[in-house]
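A structural walkthrough
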Amino acid sequence: MHSRILDNLQSLESWSFYLFLIHYNTCMLITALHLVLGIISAWLVNYLSDVLPLYRKFVFPPCIYCQKRLDWRYYIAFKPCKECGAKPSLRHWLVMIFVPVLAVLLRYFPAPVLGQVAGVFWLAYFSLIIVIDMEYRLILHPVSLVGAGAGFVAGSIAHGLLNTIIGGAAGFGIMLIFYYLGEVLVRILSRRRGEEITEVALGFGDVNLAGIMGLLLGWPGVIGGLVLTIIIGGVASGIFLLAQIVKKKYQAFQALPYGPFLVLSVVVLVYVAQIVK
């Protein structure tokens, strides 16, 4: 009787060990999948950031130094231009480092609203938005359309169809009002100064991005997102202005790209979605 109990315990320990191995290997496999998705996302972000703002289509862009056509090795293997030896920029390396790292972190800290795999998609999407907006001051309409479609699906699953539609409409509509108010303000200031002011705080791409924010956050979460965006943008602008004054490089009507502030607000509120609800 005693030996039978010992045999049962040993058998139970063996099964527990096998189950542990299965669980461990599954976790490692999922982590590896996130890493691979992160690497692929980084390649796409770098490539799309180079071609979409300039060409609006999928092409192999020319080298910015010798104007010769770059090939896939420039993006995949980070090989220098075969004609002039120009290497990928610092931005290419930063994207290649941070996007895979963040993709792996999403495996262990998934966004409540988005989940794990969908979270990697949004990581790549928002990274593309930030890079293009910071380098070209653009949020392209085709990119916005992709985000709107994905945001509608994600928002409908997380918040329901009605709250998603209201949130998207509110985000777009409120930012549209700010956009036109900015246009009026720029015209007034241009007349008073007697010269045209070309720098604007908000572009129409920011309006579209606010609509995507509303789809993701739903109603009334979009209100918190817009308020947080204004706060983050104000703080960042104040720090930038102070730095310009200290460096004696201050110029009136310098505007910062607003897309990164919208993205940061979405990320923050997606992770506190339960509080927003």
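One can find the structure itself at the top, above this paragraph.
I will try to describe carefully the structure that is included in this document.

Reading guide: rules and limits
Residues numbered from 1 in each chain as written. Predicted model: local features only at pLDDT ≥ 70, side-chain atom pairs only at ≥ 80, totals over all residues. Heavy atoms only, no water. Helix = DSSP H or I, 4+ residues; strand = E, 2+ residues; numbered from the N terminus. Buried < 20%, exposed > 50% of the residue type's maximum accessible area, 1.4 Å probe, protein only. Contact = heavy atoms within 4.5 Å. Areas by Shrake-Rupley, 256 points an atom, 1.4 Å probe, with all protein chains shown as cover. Salt bridge = Lys/Arg side-chain N within 4 Å of Asp/Glu carboxyl O. Disulfide = S-S within 2.5 Å. Axes fitted to C-alpha atoms, helices over the stretch in contact; angles between N-to-C directions. Parallel < 35°, antiparallel > 145°, perpendicular 65-115°, else oblique. Left-handed = near helix turned anticlockwise from the far one by under 90°. Expected span 1.5 Å × (residues − 1). Core = buried A, V, L, I, M, F, W, Y, C linked by side-chain atoms within 4.5 Å. Phe/Tyr/Trp six-rings, centres within 6.5 Å; stacked < 30°, edge-to-face > 60°. Lys NZ or Arg CZ within 6 Å of the ring centre and 35° of its normal. Nonpolar A, V, L, I, M, F, W, Y, C, P; charged D, E, K, R; others polar.

Turning our attention to the overall build of the protein chain. A count of helices and strands for the protein chain gives 10 helices and zero strands. The secondary structure elements of the protein chain, listed N-terminal to C-terminal, are α-α-α-α-α-α-α-α-α-α. Within the protein chain, the fraction of its 277 residues that count as buried is 38%. Put simply, 69% of the contacts in the protein chain that link residues at least 6 apart link residues at least 24 apart. Per element, the accessible surface of the protein chain, about 16500 Å² overall, is 70% carbon and sulfur.

Below, the discussion takes up the pattern of salt bridges. Tallying each qualifying case throughout the model produces three salt bridges. Here Arg-91 ties to Asp-50 by a salt bridge, and the two come within 2.6 Å at their closest N and O atoms. Pair noted here: Arg-91 is in helix 3 (residues 90-108) and Asp-50 is in helix 1 (residues 2-55), with a separation of 41 residues, a long-range link. The exposure class of Arg-91 is buried, given its relative accessible area of 14%. One salt bridge connects Arg-91 with Glu-135, and the closest N-O pair in it is separated by 2.8 Å. Of the two residues, Arg-91 sits in helix 3 while Glu-135 sits in helix 4 (residues 117-136), which places them 44 residues apart along the sequence. Put simply, Asp-50, Arg-91 and Glu-135 are held in one network by salt bridges that share partners.

Take Val-59: it is sitting in the loop between helix 1 and helix 2 (73-76). Here Val-59 falls in the partly exposed class, since its relative accessible area comes to 23%. Once the C-alpha coordinates of Val-59 and Leu-48 are considered, the two residues, 11 residues apart in sequence, prove to be 9.4 Å apart. Aside from chain neighbours lying at most four places away, what touches Val-59 is Tyr-47 and Val-51.

The next thing to look at is the state of the cysteines. Here is the idea: a disulfide is a covalent bond, and it sits between the sulfur atoms of two cysteines. Applying the stated criterion across every chain yields a total of zero disulfides. Of all cysteine sulfurs in the structure, the one in Cys-81 sits closest to Cys-66, which takes part in no disulfide; the separation is 3.6 Å. Between Cys-84, a free cysteine, and Cys-63, which holds the nearest cysteine sulfur, the sulfur-to-sulfur gap is 3.6 Å.

With that out of the way, let us pick up the packing of helix 4 against helix 5 (residues 141-159). Running from N to C, helix 4 and helix 5 point in directions that differ by 150°, and their axes come no closer than 11 Å. Judged by the angle between their axes, helix 4 and helix 5 are roughly antiparallel. When you trace helix 4 past helix 5, the crossing you get is left-handed. Contact residues: helix 4 offers Phe-121, Trp-122, Tyr-125, Leu-128 and Ile-129, while helix 5 offers Val-143, Ser-144, Val-146, Gly-147, Ala-150, Gly-151 and Ala-154.

Along an α-helix, residues three or four apart share an orientation, since each turn contains 3.6 residues. A rise of 1.5 Å per residue sets the reference length of helix 5, with its 19 residues, at 27 Å; its end C-alpha atoms lie 25 Å apart and thus fit the reference within 8%. One or two residues past the end of helix 5 sits Gly-160, with phi positive at roughly 95°.

Quick look at the nonpolar core now. If you look at the biggest cluster of nonpolar residues, it comprises 44 residues, and the most contacted ones within it are Leu-114, Trp-122 and Met-175. Elements with a contribution of two residues or more to this core: helix 1, helix 2, helix 4, helix 5, helix 6 (161-193), helix 7 (204-217), helix 8 (221-246) and helix 9 (259-271). A total of seven residues in this core trace back to one element, the largest contributor, which is helix 7. Setting aside residues up to four positions removed in sequence, Leu-114 forms contacts with Gly-119, Trp-122, Ala-154, Leu-216 and Val-270. Ala-42, Val-45, Val-99 and Val-131 belong to the second largest nonpolar core, which has 12 residues in total.

The next subject is the packing of aromatic side chains. Applying the stated criterion to the full structure yields 13 aromatic pairs. Taking the centre distance of 5.6 Å and the plane angle of 90° together, the rings of Tyr-47 and Tyr-75 count as edge-to-face. Residue Tyr-47 is found in helix 1, and its partner Tyr-75 is found in helix 2; the two are separated by 28 residues along the sequence. We classify Tyr-75 as buried; its relative accessible area is 5%. Measuring from ring centre to ring centre gives 5.2 Å for Tyr-74 and Tyr-75, while their planes differ by 80°; the resulting arrangement is edge-to-face. For Tyr-74, a relative accessible area of 10% puts it in the buried group. Counting every residue linked through ring pairs, the aromatic cluster contains Tyr-47, Phe-60, Tyr-74 and Tyr-75. Its end group placed over the ring of Tyr-108, Arg-107 keeps NZ or CZ at 5.0 Å from the ring centre.

It is the contact of helix 7 with helix 9, at a shortest axis distance of 10 Å, that shows an interaxial angle of 5°. The pairing of helix 7 with helix 9 is recorded here as roughly parallel in orientation. In this structure, helix 7 uses Asp-206, Leu-209, Ala-210, Met-213, Leu-216 and Leu-217 to contact helix 9, whose residues at the interface are Gly-259, Leu-262, Val-263, Ser-265, Val-266, Leu-269 and Val-270. Classifying every residue of the contact of helix 7 with helix 9 by side-chain character gives 10 nonpolar, two polar and one charged.

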